Amino acid sequence: AGRLQDKICVVTAAGQGIGRASALAMQAEGAQVIATDINSRTLGELAEQGIETRHLNVRDSVAVQRLAAELPRTDVLFNCAGFVANGSILDCSDEDWAFSMDVNVSSMFRMCKAFLPGMIAKGGGSIVNMASAVSSIIAAPDRFVYGVTKAGVIGLTKAIAADFATQGIRCNAICPGTVDSPSLEERLRATGDYDKARAAFIARQPMGRLALPEEIAHLVVYLASDESAFTTGHAHVIDGGWTNV
Ligand code: NAD
C-alpha cells in the first residue's frame with residue numbers, strides 16, 4: 001500500500017510547478033487526487049495521467065464551497081495557490097495589495113473554512129498550506145507584499161492548528177526557498193537578463209542550486225500522510241540552507 005493509500009487529497013494550483021509535482025507524488029502513493037487549477041490546458045495534461053481534475057479559482061468563494069460540498073470526505077487539503085508580486089512597498093498599489101492578499105491568504109481562509117467541517121465530521125484530516133521562506137522567516141528584496149502574505153499564511157496555519165488539534169485536524173505550512181517552476185522561469189525572463197537573475201537566485205542558496213518541485217512534493221506527501229501524525233502548526237522550512245546561514 002502507498003503512504004497515502006485511498007486518501008482523498010485536494011490540491012489547488014495543481015496545473016504546474018509544486019502543485020503539479022505534489023499531485024503526481026500523492027497519486028504515486030495511492031491517493032485519490034482531485035487536482036484543481038484555473039488552467040484547463042495543464043489540468044488536461046494531469047487528466048491524461050489518470051488524475052481527477054476540477055476547474056477551481058481559489059478567489060471564488062461560491063466555487064470553493066461548491067467543491068467542498070461535493071467532496072465532504074476529503075482527508076488532505078494542499079493549498080498551493082499563490083502569486084509572486086515584485087517590488088517594494090512603494091511599488092505596491094492598493095489594488096496590488098488587495099490582489100496578493102486575496103490570492104495568497106484569503107484563498108486559504110476560504111478553502112480551510114469550507115473543507116474543515118467535513119474533515120472534523122470524518123474524525124481528522126491534514127491541511128498543508130504553501131507559505132515561503134520569504135515570510136515571517138526572512139525578507140527578500142522586492143518581495144514586499146509577497147512576504148506579508150506568506151507571513152499571513154503561517155499565522156492562519158498556526159491558528160487553525162491550535163483550534164482543531166483535539167479534533168484530529170493537523171495544519172502545517174511549508175516554506176520553500178527558490179524552486180525551479182514555470183512561473184520562476186517567467187520571472188527570470190521578465191528581468192531582461194535571465195542568466196544574471198538566475199545566478200542571483202542560486203547564489204543565495206548555500207547548496208548552490210534551486211530546488212526541484214519534486215523535492216518540495218516529498219515534504220507535502222510526508223505532511224499529508226500519517227507519518228507526520230505528531231506535527232501540527234509548524235512552518236516547515238525547505239530552502240537549501242538559505243535561512244540558516
Ligand atoms: P507556478 O507559480 O508556476 O504555478 C502557479 C499555478 O497557480 C498555475 O498553474 C496557475 O494556473 C495557478 N493559479 C493562479 N491563480 C490561480 C487561482 N486564482 N486559482 C487557482 N489556481 C491559480 O507554481 P510554483 O512556482 O510552484 O508556486 C506554487 C506555490 O508555491 C505558490 O503559492 C508560491 O508562492 C509558492 N512558492 C514558490 C516558490 C518558487 O520559488 N517557485 C518558492 C516558495 C513558495
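Residues numbered from 1 in each chain as written. Predicted model: local features only at pLDDT ≥ 70, side-chain atom pairs only at ≥ 80, totals over all residues. Heavy atoms only, no water.

S.K.: Break down the overall build of the protein chain for me, with residues and values.
M.R.: From N to C terminus, the protein chain includes eight helices and seven strands. A globule of 245 residues ought to have a C-alpha radius of gyration of about 18 Å, and the protein chain, at 17 Å, matches this closely. When the backbone C-alpha atoms are referred to their principal axes, the protein chain occupies close to 50 × 35 × 35 Å. A sequence separation of at least 24 residues applies to 70% of the contacts in the protein chain between residues at least 6 apart. Entry remark: accessible area of the protein chain is about 11200 Å², with carbon and sulfur atoms responsible for 55%. Taking the average place of the 21 positive charges on the side chains of the protein chain and the average place of its 26 negative ones, the gap between the two points comes to 3 Å. (Helix = DSSP H or I, 4+ residues; strand = E, 2+ residues; numbered from the N terminus. Rg over C-alpha atoms; globule rule 2.2 N^0.38 Å. Contact = heavy atoms within 4.5 Å. Areas by Shrake-Rupley, 256 points an atom, 1.4 Å probe, with all protein chains shown as cover. Lys, Arg positive; Asp, Glu negative; His and termini not counted. Charge placed at Lys NZ, Arg CZ, Asp CG, Glu CD.)

S.K.: Kindly report on the site of the ligand, identifying the contributing residues and their values.
M.R.: Taken together, 28 residues form the shell around the ligand, and within it Gln16, Asp37, Val179, Ser181 and Ser183 come nearest. Here Tyr146 contributes a side-chain N or O atom positioned 2.8 Å from an oxygen atom of the ligand. At a separation of 2.5 Å, an oxygen atom of the ligand approaches a polar side-chain atom of Ser181. Surface burial for the ligand is 90%, taken as the share of its 830 Å² of free accessible area covered by protein chains. Ranked by residues supplied to the shell around the ligand, first place goes to helix 6 (residues 182-190) with three residues. (Near = heavy atom within 4 Å. Polar contact = N/O pair within 3.5 Å; in protein donor to acceptor, adjacent residues only side chain to side chain.)

S.K.: How would you summarise the packing of helix 6 against helix 7 (residues 194-203) if you had to cite specific residues and measurements?
M.R.: Running from amino to carboxyl end, helix 6 crosses helix 7 at an angle of 125°, the nearest separation of the two axes being 7 Å. Here helix 6 lies oblique to helix 7, going by the angle between them. In this structure, helix 6 crosses over helix 7, and the sense of that crossing is right-handed. Contact residues: Leu184, Glu185, Leu188 and Arg189 in helix 6; Tyr194, Ala197, Arg198 and Phe201 in helix 7. Of the residues belonging to the contact of helix 6 with helix 7, the class tally is five nonpolar, no polar and three charged. (Axes fitted to C-alpha atoms, helices over the stretch in contact; angles between N-to-C directions. Parallel < 35°, antiparallel > 145°, perpendicular 65-115°, else oblique. Left-handed = near helix turned anticlockwise from the far one by under 90°. Nonpolar A, V, L, I, M, F, W, Y, C, P; charged D, E, K, R; others polar.)

S.K.: Describe the state of the cysteines, listing the residues and the values that go with them.
M.R.: On inspection of all chains with the given rule, the structure shows zero disulfides. As a non-bridged cysteine, Cys80 has Cys175 as the owner of its nearest cysteine sulfur, 13 Å distant. What makes Cys80 buried here is its relative accessible area of 10%. In this structure Cys171 is not part of a disulfide, and its nearest cysteine sulfur, from Cys112, lies 5.2 Å away. For Cys171, a relative accessible area of 0% translates into the label buried. (Disulfide = S-S within 2.5 Å. Buried < 20%, exposed > 50% of the residue type's maximum accessible area, 1.4 Å probe, protein only.)

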